[in-house]
Amino acid sequence: MLFYILRRVISAISVVIVTVVCSFLLFFAAPHDPAGVICGPKCTPERLKDITNSLNLDQPMVEQIGLYFKGIAVGRDYTAGGVTRHCDAPCLGYSYILGVPVTDLLARAVPVTLSIVIGGATIYLIFGVLIGTIAARVRGTTLDKAAVGTSLVIGSVPYFIVALVIALYATFLPRSQYTSFFENPIQWAGGLLAAWLCLGLTNSAQYTRYSRASMIEALGQDFTRTARSKGISERRVVYRHGLRAAMTPVITIFGVDVAYQLVNTIFTERIFQLPGLGTRIINAFNQYDLPVLMGGVIVGATVLVVMNLLVDILYTVLDPRVRLG
Amino acid sequence: MTDQTVRAPQTVTRTPRARAEGEEAYLEVTDLHVQFPTADGKVQAVQGLSYALPLRRTLAIVGESGSGKSVSSMAILGLHDRKSTWISGSIKVGGKEVVGMSEKDLMSYRGADAAMIFQDPQSSLHPFFTIGAQITESYRAHHNVSKRAAKARAVDMLGRVGIPNPSRRVDQYPHEFSGGMRQRAMIAMALVNDPKLLIADEPTTALDVTVQAQILDLIADLQRDFGSAVVFITHDLGVVAEIADDILVMYGGNAVEHGPVEKILGSPLHPYSWGLLESIPAVSGTPGPLHPIPGSPPSLLAMPSGCAFHPRCEFRDRVGGDLCRTLKPELIPRTADQGRTSRCHLKEPDKVFETEVLPRLP
Ligand SMILES: Nc1ncnc2c1ncn2[C@@H]1O[C@H](COP(=O)(O)OP(=O)(O)OP(=O)(O)O)[C@@H](O)[C@H]1O
Ligand code: SF4
Ligand SMILES: [Mg+2]
């Protein structure tokens, strides 16, 4: 087990390194003048010189990448407006446009995005699994058909329509805003409620369908018949034997899905005006803020890789048949 | 049989225990009907099945695929879904009526009075629970004991079914067991509550031949120890000869012949049973030609009139008055021997067997 995890961690780290190198090349080796782009619209010749010097843009590519990695590992210095600032490790660069280290900027955005996704995903996982399981138990009845029908309708409504409906009709919800959980948990939850509902509602449809299909399959298995033949209650047959088997694939999908949600909250953040990763990246995109964009790509890739690793480890815990070697 | 390979019956080496007349039946199935309403119509999987089985006896149920062996046995444990199955008749186990039993009574009955071993131990055990957890669950469903006591019982049962090192094995998952070991574990689970009725639905079909023999021995031994009644469903007449006291031959959802094993394997009375014997390869070991019974099993949606076997029976024209097509024969004694019954209009079937069928047998 330990060896397996170690192997997976090493391969995860290599994926992130490759991502850093690729995005670095993409942003800095392109046939444009990176210093000019980074400098932004209010560029002065001194500023341009600062940038060229602190990013060593006149040095060979390999050296620049090396410095970038050094920054991630131990931090580095940037000069802006004649002042030299230290950017602490892990330093993902410096935004000359906003005048802050990229790491600080993203570190403030990540908790927002995490909060949105954790809340939303909890809602859709619980609702989806609950409704799906009940539908599977009463398969073929009106209740089941209603659940399947509703999930089909919700699943085919575009996300922004759901968001719009929530914004227009759910006016009783607290105003959408972000407060740190550690500052005020109640305000935290209240301010995110609208975003959670929107994310939860649109995605629960899909989880209803997964869980229903998975549960129907599990209840049709031979081991379910064996469980019934033991003389245990039907509840226990369904919720212990059936659900345990049905949830393994659903949880696996969930893990990968949450990773995907984390790097795709742009819509939710924009609609509900929450200052998360997505908002930051869109802003950076509009301002050609290359260092921030690059930091965003690296954080996104790391999130995906880490979540995938977690899912794989979780899977080996959930399914004892998965042999590790 | 059409889609299964059947092995020849070995000569009956074991002397079946003499039938004690008037021995009280532990399992009594009377006029059992099981139907499944489907979009195409009613599937009549079991149509008027009756038999009785006392304790300490093994009944083998044989018959083609689809003849209703599994469906009728699952009804004994009340395993059919109430909403999509229509059941009538009576199944009495130890005096309790199972047909129409409440869900609550079924809970205390299943596993305790009657237990079942299924064909494929791989799919019949839950892949995510340890063997010990699965056996313990069965035990605790019927015994109010601590987890530790239940686990000790599970280890004990695993030892009894011949699993080496049971105290270590008890914490392993089914995938860590070989096929034969898994079936042993299934047997341990079925017997953990000392049920007086054990139903084994083709318990050795999924196993290789040497393991099959071990499992058969095990079931026979355990039956002796536990004194239970055993219903053993199989396609393999070789297995029947080895393990059974009685045979019930099923065709199209009904019993067509019933009696002691040595008589039915030695001189069956029903043309379908003759077909079964003829369809198996020569015992001598030299592979001879197979003679599958011509025709195909009856449609359970539209059963033939009269005798269900008549469209495939070469003797139907021997019976006068077109009876085979018009009148369903009763399951009654057809010879002087009252201990065996058959569902066929043919006169003097024992003579027909001796003069016409026996010489043809491989
Ligand atoms: N739930 C169900 N709904 C509809 N038809 C069913 C259902 N269960 C069983 N049947 C049908 O009932 C018939 C009898 O099935 P059963 O499983 O008892 O056969 P069997 O004698 O055990 O055959 P095998 O040797 O293949 O195990 C089959 O034709 C089967 O298709
Ligand atoms: S009743 Fe007639 S058709 Fe049926 S098995 Fe006997 S002889 Fe054949
Ligand atoms: Mg069967």
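Residues numbered from 1 in each chain as written. Chains lettered and ligands numbered in written order. Predicted model: local features only at pLDDT ≥ 70, side-chain atom pairs only at ≥ 80, totals over all residues. Heavy atoms only, no water.

Student: Sorry, what's going on with the sheet that holds strand β5 (residues 96–97) of chain B here?
Tutor: Residues and elements named next belong to chain B. Strands sit in the order β2-β1-β4-β5 across an open sheet of four strands; the sheet is antiparallel. The sheet is open, and its two edges are formed by β2 (41–54) and β5, each paired on a single side. Bridge count for strand β1 (residues 25–38) against β2 is eleven bridges, and the pairing is antiparallel. Looking at the pairing, V29 lines up with Y51 of β2. (Pairing = 2+ DSSP bridges. Helix = DSSP H or I, 4+ residues; strand = E, 2+ residues; numbered from the N terminus.)

Student: Would you take a moment to explain the nonpolar core for this structure?
Tutor: The nonpolar side chains of a soluble globular protein tend to be buried with one another. Residues L27, Y51 and L197 of chain B are the most contacted members of the largest nonpolar core, which totals 102 residues. Setting aside chain neighbours within four positions, we find L27 of chain B in contact with Y51, A52, L53, I76, I91, K92, V93, L197 and V231 of chain B. Residues I65, Y78, C91 and V299 of chain A belong to the second largest nonpolar core, which totals 34 residues. (Core = buried A, V, L, I, M, F, W, Y, C linked by side-chain atoms within 4.5 Å. Buried < 20%, exposed > 50% of the residue type's maximum accessible area, 1.4 Å probe, protein only. Contact = heavy atoms within 4.5 Å.)

Student: What am I meant to see in unusual backbone geometry here?
Tutor: Residues apart from glycine generally show negative phi values, whereas peptide bonds are mostly found in trans. Residue P90 of chain A is reached from A89 of chain A by a cis peptide bond, and omega for that bond is -5 degrees. Within the secondary structure layout, P90 of chain A lies in the loop between β2 (83–87) and β3 (94–95). We note that N165 of chain B has phi near 55 degrees; this positive angle belongs to a residue other than glycine. Along the chain, N165 of chain B turns up in the loop between α5 (147–160) and α6 (166–169).

Student: Please clarify how the interface of chain B and chain A should be interpreted in this entry.
Tutor: Often the size quoted for an interface is simply the accessible area lost on bringing the parts together. Chain B puts 25 residues into the contact, and the matching count from chain A is 22 residues. Per-residue buried area on chain B facing chain A is highest for F128, E137 and H175 of chain B; these three make up 29% of the total on that side. Between the two partners, chain B and chain A, sit three salt bridges. Between E137 of chain B and R240 of chain A there is a salt bridge, with the nearest N and O atoms lying 3.6 Å from each other. Counting across the chain B and chain A interface gives twelve residue pairs in polar contact (both at pLDDT 80 or more). For the side of chain B that touches chain A, the secondary structure elements donating two or more residues are α3 (121–124), α4 (131–142) and α7 (179–191) of chain B. Among the elements that make up the side of chain B that touches chain A, the one with the highest residue count is α4 of chain B (five residues). Across the side of chain B that touches chain A, the residue classes tally to 13 nonpolar, eight polar and four charged. (Buried area = accessible area lost by both parts, 1.4 Å probe. Salt bridge = Lys/Arg side-chain N within 4 Å of Asp/Glu carboxyl O. Polar contact = N/O pair within 3.5 Å; in protein donor to acceptor, adjacent residues only side chain to side chain. Nonpolar A, V, L, I, M, F, W, Y, C, P; charged D, E, K, R; others polar.)

Student: Help me out: how do you make sense of the packing of helix α1 (residues 2–28) of chain A against helix α13 (residues 290–318) of chain A in this one?
Tutor: Between two packed helices, both the angle of their axes relative to each other and the distance between the axes serve to describe the pair. Residue and element names in this part refer to chain A. For the pair α1 and α13, the least separation of the axes is 10 Å and the interaxial angle reads 160 degrees. With respect to α13, the axis of α1 lies roughly antiparallel. Judged by the sense of rotation from one axis to the other, the crossing of α1 with α13 is right-handed. Broken down by class, the residue content of the contact of α1 with α13 amounts to 19 nonpolar, four polar and two charged. (Axes fitted to C-alpha atoms, helices over the stretch in contact; angles between N-to-C directions. Parallel < 35°, antiparallel > 145°, perpendicular 65-115°, else oblique. Left-handed = near helix turned anticlockwise from the far one by under 90°.)

Student: Help me understand the site of ligand 1 in this model?
Tutor: All names here are of chain B. In the vicinity of ligand 1, 14 residues are found, and the nearest of them are S65, G66, S70, V71 and H235. Between ligand 1 and S65 there is a distance of 2.5 Å, counted from an oxygen atom to a side-chain nitrogen or oxygen. Contact with the protein chains hides 63% of the accessible area of ligand 1, taken as 640 Å² for the molecule alone. Elements with a minimum of two residues in the shell around ligand 1: β2 and α1 (69–76). A per-element tally of the shell around ligand 1 places α1 first, with three residues. By residue class, the composition of the shell around ligand 1 is five nonpolar, six polar and three charged. (Near = heavy atom within 4 Å. Areas by Shrake-Rupley, 256 points an atom, 1.4 Å probe, with all protein chains shown as cover.)

Student: Please clarify how the confidence of the model for chain B should be interpreted in this entry.
Tutor: Reading predicted coordinates in detail is not appropriate for stretches of low pLDDT. All names here are of chain B. Residue-level pLDDT values for chain B average 89, and 91% of them are 70 or greater. Predicted confidence for residues 1–5 stays below pLDDT 50, and this span has 15 contacts to residues more than four positions away or in other chains. In the model, residues 10–16 has pLDDT below 50 throughout and makes eleven contacts with residues more than four positions away in sequence or in other chains. Our summary of model confidence lists the complex with pTM equal to 0.84 and ipTM equal to 0.87. (pLDDT = per-residue confidence, 0-100.)

Student: Help me out: how do you make sense of the pattern of salt bridges in this one?
Tutor: Working definition: two side chains of opposite charge can pair if their charged atoms are close together. With the rule as written, the count across this model stands at 22 salt bridges over all chains. Between R312 of chain B and E64 of chain B there is a salt bridge; the shortest N-O distance is 2.9 Å. With R312 of chain B in the loop between α11 (271–278) and α12 (323–326) and E64 of chain B in the loop between β3 (58–62) and α1, this pair connects stretches of sequence that are 248 residues apart. Neither R312 of chain B nor E64 of chain B differs from the other in exposure class; each is buried. Close ionic contact of R360 of chain B with E278 of chain B constitutes a salt bridge, the shortest N to O distance being 3.0 Å. Here the residue R360 of chain B occupies a position in the segment after α13 (349–357), and E278 of chain B occupies one in helix α11, the gap between them amounting to 82 residues. When its relative accessible area of 38% is taken as the criterion, R360 of chain B is described as partly exposed. One salt-bridge network, held together by shared partners, links K230, R236 and R240 of chain A together with E137 of chain B.

Student: What is the right way to look at the sheet that holds strand β11 (residues 341–342) of chain B in this model?
Tutor: Picture the strands of a sheet paired through backbone hydrogen bonds; they go either parallel or antiparallel. Residue and element names in this part refer to chain B. If you trace the seven strands from one edge of the open sheet to the other, you get β6-β7-β8-β3-β9-β10-β11, paired in mixed fashion. Of all the strands in the sheet, the pair left with one neighbour each is β6 (114–117) and β11. Where α1 meets the sheet, it contacts β3, β6, β7 (197–201), β8 (229–233) and β9 (246–251), and its direction lies at approximately 150 degrees from that of β7. Packing of helix α8 (residues 209–226) onto the sheet brings it into contact with β3, β6 and β8, and relative to β8 it is tilted by some 160 degrees.

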